Structure formats: structure tokens, C-alpha cells
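This is what each chain is made of:
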Amino acid sequence: MWAFQLQDAVPDIVTVGKPFGNGHPISAVITTQAIARSFAQTGMEYFNTFGGNPVSCAIGLAVLEVIEKENLRGNALQVGEYMLQGMKELQQKHLIIGDVRGVGMFIGVELVKDRNTKQPATAEAQHVIYRMKENYILLSADGPHRNVLKFKPPMVFTIKNADRLLHQLDLVLSEIAMGSDELKDPGVGSASCVPKCTESQSHQNDIVKVLIKGEVKVSNEVKVNGTDTGEPPNKVQKVV
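Calculation rules
- Residues numbered from 1 in each chain as written.
- Predicted model: local features only at pLDDT ≥ 70, side-chain atom pairs only at ≥ 80, totals over all residues.
- Heavy atoms only, no water.
- Helix = DSSP H or I, 4+ residues; strand = E, 2+ residues; numbered from the N terminus.
- Buried < 20%, exposed > 50% of the residue type's maximum accessible area, 1.4 Å probe, protein only.
- Contact = heavy atoms within 4.5 Å.
- Axes fitted to C-alpha atoms, helices over the stretch in contact; angles between N-to-C directions.
- Parallel < 35°, antiparallel > 145°, perpendicular 65-115°, else oblique.
- Left-handed = near helix turned anticlockwise from the far one by under 90°.
- Nonpolar A, V, L, I, M, F, W, Y, C, P; charged D, E, K, R; others polar.
- Core = buried A, V, L, I, M, F, W, Y, C linked by side-chain atoms within 4.5 Å.
- Polar contact = N/O pair within 3.5 Å; in protein donor to acceptor, adjacent residues only side chain to side chain.
- Salt bridge = Lys/Arg side-chain N within 4 Å of Asp/Glu carboxyl O.
- Expected span 1.5 Å × (residues − 1).
- Arc of directions from axis to C-beta.

A. A look at the side chain of N75. Looking at where N75 falls in the secondary structure, it is placed in helix α3 (residues 72-93). Assessed through its relative accessible area of 19%, N75 is described here as buried. Setting aside its immediate chain neighbours within four residues, N75 contacts G80, M155, V156 and F157.

Here it is as C-alpha cells:
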């Protein structure tokens, strides 16, 4: 699930954190028996008040069971390929998309002012983030110039969710194409239509989640807080 297999690598140690508990605070260290024995042989005592407690262990096992039974890895592959193809189709339509890359449902869309020079479209990327958030879709920007839109939705993301995401992104990019002269780098000039990004807003952008009208998956049951009438939901819930 960490995709280290793509590099033909066999790690000595693997760590897992928050996703392991689907929101419950739990983490784990996975290693070989030889490495575990060598740690014990140092004589160093390791103590953790909550380490190995039965509640966290039960939750971690339940998450792994759902991933296995509901084939969420297969879902991530199928939906990820669908999203990647959809993003590449948008690239053919919108010149601002300089590159689309990714594996599974971890996808990056690089926005540029010019495909030849690869000049980063940082302001435009921030504009996309704010406009998408207004439509209850949260994403973030990454890269040295913060111009790569980063899509990393939860493993329960569906084709229907992906269609809504692609449709909304298409609309926002079309807005930019029609009014690109109004866009400036964040904080440059009072006429900028991109809100100035404060430190707290930057952290919020790093949530790296995609929210679709508060949709939450619990085992094989989907709960949606809101309707498909186009009206805003009463409360947006974070998908974990």
C-alpha cells in the first residue's frame, strides 16, 4: 500500500500511522524478526503507556479487514486509472495543464502559464483550490512553486465521486481561461482575485483530502450528509 514495490525495493522497516485506524490514533512499526531481535539485544528498554492496548488493536484489525473484504486496493486502482485518464483528457482541453502524473489515486496535475517554458501557474493553482472548496471539494497544491494540484482521495472514492470532481475541475479551469488576465500571484496588487494565503490557510490546504458533500464511508455503508439537489449540506464531514 506504500507503493515501494514500484521501485522493486524491500524496506527493512515500514511505519503506518493515522490511516491504519481510520481516524483512531494508532500507529505501527513493521519489520523483520532479525531487526526486532537486534533491537532487543541492545538492552534498551522501550515503554509505551498505550502500546498494544486491545481497543486500538481491535480497531486496526477492523480497518485491515474492511480493506481486504471490500477490495479497497482494487477500487483505488480502478478509480485511480479512471481519474488519471479523465485528467489527461482535461489536459487536451486546457492549455494551463502542463503535466498529469500519478499512481493509483495519488495524482498530480501541474499548472503552467506556458507549456514550453513550464512557467509555474501558482496563482491559478490557488484560485482552483479556493473555487473547488466553494463547491465542497478540498484539495491542496504541492511542489516548489505550489502549482501542482494534489489529488489523494480516500480509498472508498467512487467513479461517481470522480465524475463530479472532474466536472467541477473542468468548470473552474474554464473560468480561468476566460478571465486569466485578472489572476495575479497571491499578494501581488490589490486587483488580485486570488485571496492572500495566510499561514493558517496554507495549513488548511495541506489537509490533502477530497471532500464530496460530506460523504463518509463506514464499512460497506455510505452516509451522505446532504442531498444531490445542489443545495449545500448542513455540515461538511471530513473523510478519513
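B. Structural detail: the packing of helix α4 (residues 122-134) against helix α5 (residues 159-178). Put simply, α4 and α5 touch, their axes get as near as 10 Å, and they point 130 degrees apart. The angle between the axes of α4 and α5 places the two elements in the oblique class. Relative to α5, α4 is oriented so that their crossing is right-handed. Between α4, through E124, H127, V128, R131 and M132, and α5, the contact on the second element is made entirely by L165, Q168, L169, V172, L173, E175 and I176. Taken together, the residues of the contact of α4 with α5 sort by class into seven nonpolar, two polar and three charged.

C. Broad picture of the nonpolar core. In terms of nonpolar packing, the biggest core is built from 31 residues, with M87, V109, L111, V128, L149, F151 and L169 touching the most fellow members. Only α3, β3 (97-103), β4 (106-114), α4, β7 (148-151) and α5 provide two or more residues apiece to this core. Ranked by the residues each element gives to this core, the list is headed by α5, at seven residues.

D. Inspection of the environment of R115 at higher detail. Within the secondary structure, R115 sits in the loop between β4 and β5 (119-120). A sequence separation of 17 residues divides R115 from G98, and the C-alpha atoms of the two residues are 5.5 Å apart. Beyond its immediate chain neighbours, meaning those up to four positions away, R115 contacts Q91, H94, L95, I97 and G98. Within the structure, the side chain of R115 is placed 3.1 Å from the backbone oxygen of L95, a separation counted as a polar contact. Among the polar contacts listed, one links the side chain of R115 to the backbone oxygen of I97, at a separation of 3.1 Å.

E. How the structure looks around the pattern of salt bridges. All told, the structure shown has nine salt bridges when counted by the stated rule. Between R73 and E68 there is a salt bridge, with its nearest N and O atoms 3.1 Å apart. Using a relative accessible area of 46% as the deciding quantity, one classes R73 as partly exposed. In this structure E68 comes out as exposed when scored by relative accessible area, which is 53%. Salt-bridge contacts for K113 lead to E124; the nearest nitrogen and oxygen are separated by 3.0 Å.

F. Inspection of α4 at higher detail. Between the first and last C-alpha of α4 there are 19 Å, a value that for 13 residues agrees with the 18 Å anticipated at 1.5 Å per step. Within α4, 11 of the 13 residues are buried, which leaves the element mostly enclosed by the surrounding structure. What α4 keeps buried is the set T122, A123, E124, A125, Q126, H127, V128, I129, Y130, R131 and M132. Backbone geometry just after α4 places Y136 at a positive phi near 65 degrees.

G. Quick look at helix α2 (residues 54-69). If you check α2, its first and last C-alpha atoms are 22 Å apart, about what 16 residues at 1.5 Å a residue would give, namely 22 Å. Considered for burial, the residues of α2 that qualify are S56, G60, V63 and I67. Summarising the axial view, the buried residues of α2 lie within an arc of 60 degrees, below the 170-degree limit, and thus occupy one face. Exposed positions of α2 whose direction lies more than 90 degrees from the buried face are P54, V55, L61, E68 and K69. Two or three places before V55, at the start of α2, stands the capping residue N53, its side-chain oxygen 3.2 Å from that residue's backbone nitrogen. Of the residues trailing α2, N71 is marked for its positive phi of about 50 degrees.

H. Structural detail: the packing of α3 against α5. Direction vectors running N to C along α3 and α5 enclose 20 degrees, while the axes themselves pass 10 Å from each other. By the angle between their axes, α3 is roughly parallel relative to α5. Pair α3 / α5 crosses with right-handed handedness. Seen from α3, the contacting residues are V79, Y82, M83, G86, M87, L90 and K93; seen from α5, they are I159, A162, D163, L165, L166, L169, D170 and S174. Among the residues making up the contact of α3 with α5, the classes are represented as 10 nonpolar, two polar and three charged.

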